[in-house]
Amino acid sequence: FFQILSEGVHRFEGTINQYTGDGIMALFGAPIAHENHAQRACYAALHLAGTLKEYADSLRIERGLNLSIRMGINSGEVVVGRIGDDLRMDYTAQGHTVGLAQRMESLAEPGKALLASATIDIVEGYFELHDLGEAQVKGVEQPVRIAELVGVGAMRTRLDRSRARGLSKFVGREEEVARLESALERTIAGDGQVIGIVADAGAGKSRLCHELAEICRARGVQVRMGQGVAHGSAVPLLPILQFYREIFGIEDDDGDPEARQKIAGLIAQILPDALESLPLLFEFMRVPDPARPAPDLTPDERRRALSELIRRLTVARSETAPAVLIFEDLHWIDPQSAEIIETLVDTAAETRTLLILNFRPEFRADWTGRSHYQQIALRPLDAAATGELLSEWLGPDPSLSGLVELVVSETGGNPFFVEEVVQDQIDAGVLVGARGHFQLERPVASIRVPASVQSLLAARIDRLGEEAKRLLQTAAVIGQEQPELLLAEVEGLEPERLRVFMRALVQSEFLYEQTLYPEIEYAFKHPLTREVAYETLLGERRREIHARVARSLEAQVDESSDAHAAMLAYHYEQGDLPLDAARWHERATLEVFMGSTQESLYHARKILGLLEGVPASPMREEVLNRARGKLIYAASRSELPDSEVEELFEQALRGLDPGDARARASALTGYSVARWGRGERVEAIRLAEEAVDLGRRGGDDEVTAGALAALLNVRGPTESPRLTIETFAEIEELCGDRTEPSGKHGFPPLLMGGPMCVIALWFAGRGDDAEKLLRRLSERYADLPMSHSGVILVVQTQALSRRGDHAGACDEARRLVEACRSGQNTAALAIGYAALGMASLRAGQPDEAARALSEAVKISVDRGLSLGIAPVHLASLAEAEIECGDLAAAYHAIERGRKLAAEQEALLMLGVIDLQHARLILAEADTAASDRAREKLDAIESLAHERGNQGLLA
């Protein structure tokens, strides 16, 4: 490579300025797709600078010309495109990465090479750099760190870099170390061993070899190490020559005569009968003796002679003492070096030699089938070992827990990825402190791929065949997991042909087979690999694949299922199909009622944003109108400020066609629930009644049913049980046998109104009818997750308590609380806690009841999320506090409940509060106050008869 580069400079004398400018970037850009491209570029830049300097000096002397040599190096992804005309067409690298390299060149002084920050991150330590600090560069928003390339640094491997930082704790490899120690013992005893260590890049092959070397040195066993290098496959025998230069003790500054003297000295000492082969050995070691040239042999004869000489040298050295030979990164070696390695493999078995060879899964060699060969496959660290590694490095600060979990999940147990991700967070100022005592400066929601990891993974991807690379990119678009049928459909391949390429990706350890039955499903071994593979796609092709994935997935999923709605919405959106994306975002909002409020808000807002630039059509207007109502309803159950909810409602009204009664009714329905949640019951009833009227006038049964269900909730089931029962009967008639559960408001009318009717039936003294309706609702919504059908579970807990199954009621209520908590719906969580409190109260557990009801009050009252039902929660809390004997707390709850009920003009709720007040008076055992208690009870009885509420009488 360097020879070609040097010759190229002289060959293109006439265009030297172009060569040292654009040519450098073409050479070190996309055509050299390699994980160490930055290192190679720096080596080449140093070599080129020296060559050009000599050339410039000669031009100055011979022709009186002065050349200004400047170089700029940057690293990153580029777009490679064709430029030119019909007669001349060349490839060139384009994009920000190239532009920044050009900026570095323009900033460089004559005779200097400047590096941009992306290259600095990759090569720092491997090269000596002069840090020039940060500078504002034209065309770049943030300041760019710049450094001058001075020379070659002390580091050669990633392990050297880790050692300079301070090696992390060696964890999770106890079994592998034990196997290596056992092999060492057998070698010392005279039984030579050959062990291959195979693992993905960064899994810890070099660290394991380092630990073995330390063990050997501690026991006085000689260790010799060879290292494959990134450009080794293009340079014959490079790692072998480096290895034998160490064995012969040849230093970098030794000249040829000194090198020959050291080689001859060792041969004379351990293998004197091979002195006649010295000319051949000198030639092999690239220090030929002009006085004694090597014999004239054919290539095959020279290869056999060298193999025999290396075999004899290995045997002779092992006779004096056992030796450990370690060759790393065999996946980079050239064919000639591979032949020498094979000779060592065959020789080790007959000597006291432990030969350790490490390589990546894609490496193949015939000697791996030898009977004396063993293999250690390094698996990723498990979560416990990764956590231990991070704990030792970062420390125990509580702020780190979320980051540790994120790093463990994203890095897939790859130690190198773990170290680089953490170092990246340190460099970015996210982690502050010192080793073992770090703290998280600010929250981390996601992890970016560090430049060192990105270059490593991108290089591995670039080395794949075109079909395998294409499939890996498609898999990255699909997601972390990829069903085989979906992959085949998207790529248009028969499953058998697909498996041929997928097998290669599995063998290379990009993917693994996650499930085999009933359908084969693949998954990325490391989430970071998926991210890098995804980023290698250009925008147009990425959109095309997303669109194909969306269409294929939509064709495969059950039409009535919303399980894949969010995924389909994402793929359609990334595929630049906004109307389809909005349609599936709407399906995702079907989970609004008792599901995650934040997710519901997200999907509803997405719909509005996606449809903003879509041309008008009936489908667009239908989806848009429904989205407005659902957004308002979702907002009503969130912790958004009142002003923001009101603004959302005003925006919805401004976007409506004034003559569209159905759309206005949908918006009013959601807004009525919002006002009820904020404690404005009278206004909420008015809005819901207006929505009902508009729905009826618009002739839309679904809109009318939704508005009636909202009216049932904001009015309350106990204010007039008879009216609630009649209203729900109308809802059932309007809904009919429809399977669509959502309505146009973000909630299913039957699911929202049914439980209200169950409660009304109980209070009307019709317990059997209440049980029948509850069974029907439970069967109809049996497939909904608990967090979404929780309103049914609330009345189910009450039903269990009414039947005397208090333990069962408490268990159901606890499950409901957990489901609401995991579903991230805080408003629903208040209802869950209230159900648990009432179940515990009926079970004779007043302390637990008081704790649960206090949580319900904190959410519904203190956080203002369900003020409409808060008086009931406070009444129940008062009852629990009375049972606990804390009469002062009960009195406080009663006063708060009475105030809220009065503000909402909810007479029955006031009656419930007064009932608890009467109990409190009686609990105080004040004879004089008993008359006041009797007066309250008489008033409640009169109200219950008036409203037909027998439940209050009970």
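The following refers to the structure shown. These numbers were taken from a predicted model, which means no experiment stands behind them.

**With respect to helix α22 (residues 539–556)**
End to end, α22 covers 26 Å across 18 residues, agreeing with the expected 26 Å (1.5 Å per residue, within 8%). Each element contacted by the buried residues of α22 is listed here: α18 (466–478), α19 (484–491), α21 (527–535) and α23 (565–574).

**A short note on the side chain of E812**
Here E812 lies in helix α35 (residues 806–822). Note on E812: relative accessible area 18%, which makes it buried. Residue contacts for E812: discarding those within four places in its chain leaves L793, Q796, T797 and L800.

**Observations regarding the packing of helix α28 (residues 661–677) against helix α29 (residues 681–698)**
Look at α28 against α29: their axes get within 8 Å of each other, and the N-to-C directions meet at 160°. Taken together, the axes of α28 and α29 lie roughly antiparallel to each other. Note that α28 runs across α29; the crossing there is left-handed. Across the interface between the two elements, A661, R662, R664, A665, L668, T669, Y671, S672, R675 and W676 from α28 touch E683, A684, L687, A688, E690, A691, L694, G695 and G698 from α29. For the contact of α28 with α29, the residue count by class is 10 nonpolar, four polar and five charged.

**Remarks on the packing of helix α36 (residues 826–842) against helix α37 (residues 846–862)**
Following both chains from N to C, one finds α36 and α37 inclined at 160°, their axes separated by 8 Å at the closest point. Looking at the two axes, α36 sits roughly antiparallel to α37. Considering the relative orientation of α36 and α37, their crossing is left-handed. Here T826, L829, A830, Y833, A834, L836, G837, S840 and L841 of α36 lie close against α37, whose contacting residues are P846, E848, A849, A852, L853, E855, A856, I859 and S860. Residue classes in the contact of α36 with α37 are distributed as 12 nonpolar, four polar and two charged.

**Let's talk about the sheet that holds strand β5 (residues 127–135)**
Across the sheet, four strands lie side by side as β1-β4-β6-β5; this open sheet has mixed pairing. Each end of this open sheet is capped by a strand with a single partner; those strands are β1 (70–73) and β5. Averaged over all adjacent pairs, the angle separating strand axes in this sheet is 25°, with direction ignored. Bridge count between β5 and strand β6 (residues 144–152): seven bridges; the pairing is antiparallel. Along β6, the bridge assignment pairs L129 with L149. Against the sheet, helix α4 (residues 96–107) makes contact with β1, β4 (112–116) and β6, and its axis sits at roughly 150° relative to β1, the strand it touches most.

**A closer look at the packing of aromatic side chains**
Evaluated as defined, the whole model comprises eight aromatic pairs. A centroid spacing of 4.9 Å and a plane angle of 45° characterise the contact between F359 and F363, whose relative ring orientation is tilted. Note on F359: relative accessible area 3%, which makes it buried. A ring pair is formed by F416 and F417, whose centres lie 6.2 Å apart and whose planes are at 55°; its orientation type is tilted.

**Looking at the sheet that holds strand β15 (residues 511–515)**
Pairing between the strands of a sheet is mediated by backbone hydrogen bonds and can be parallel or antiparallel. With antiparallel pairing, three strands are arranged side by side in an open sheet as β14-β16-β15. Strands at the two margins of the open sheet, each flanked by one partner only, are β14 (481–483) and β15. The average undirected angle you get between the axes of adjacent strands in this sheet is 30°. The sheet contacts of α19 involve β14 and β16 (521–524), and relative to β14 the element is tilted by about 75°. Across the sheet, helix α20 (residues 495–507) is in contact with β15 and β16; its angle to β15 comes to roughly 110°.

Calculation criteria
- Residues numbered from 1 in each chain as written.
- Predicted model: local features only at pLDDT ≥ 70, side-chain atom pairs only at ≥ 80, totals over all residues.
- Heavy atoms only, no water.
- Helix = DSSP H or I, 4+ residues; strand = E, 2+ residues; numbered from the N terminus.
- Expected span 1.5 Å × (residues − 1).
- Contact = heavy atoms within 4.5 Å.
- Buried < 20%, exposed > 50% of the residue type's maximum accessible area, 1.4 Å probe, protein only.
- Axes fitted to C-alpha atoms, helices over the stretch in contact; angles between N-to-C directions.
- Parallel < 35°, antiparallel > 145°, perpendicular 65-115°, else oblique.
- Left-handed = near helix turned anticlockwise from the far one by under 90°.
- Nonpolar A, V, L, I, M, F, W, Y, C, P; charged D, E, K, R; others polar.
- Pairing = 2+ DSSP bridges.
- Phe/Tyr/Trp six-rings, centres within 6.5 Å; stacked < 30°, edge-to-face > 60°.

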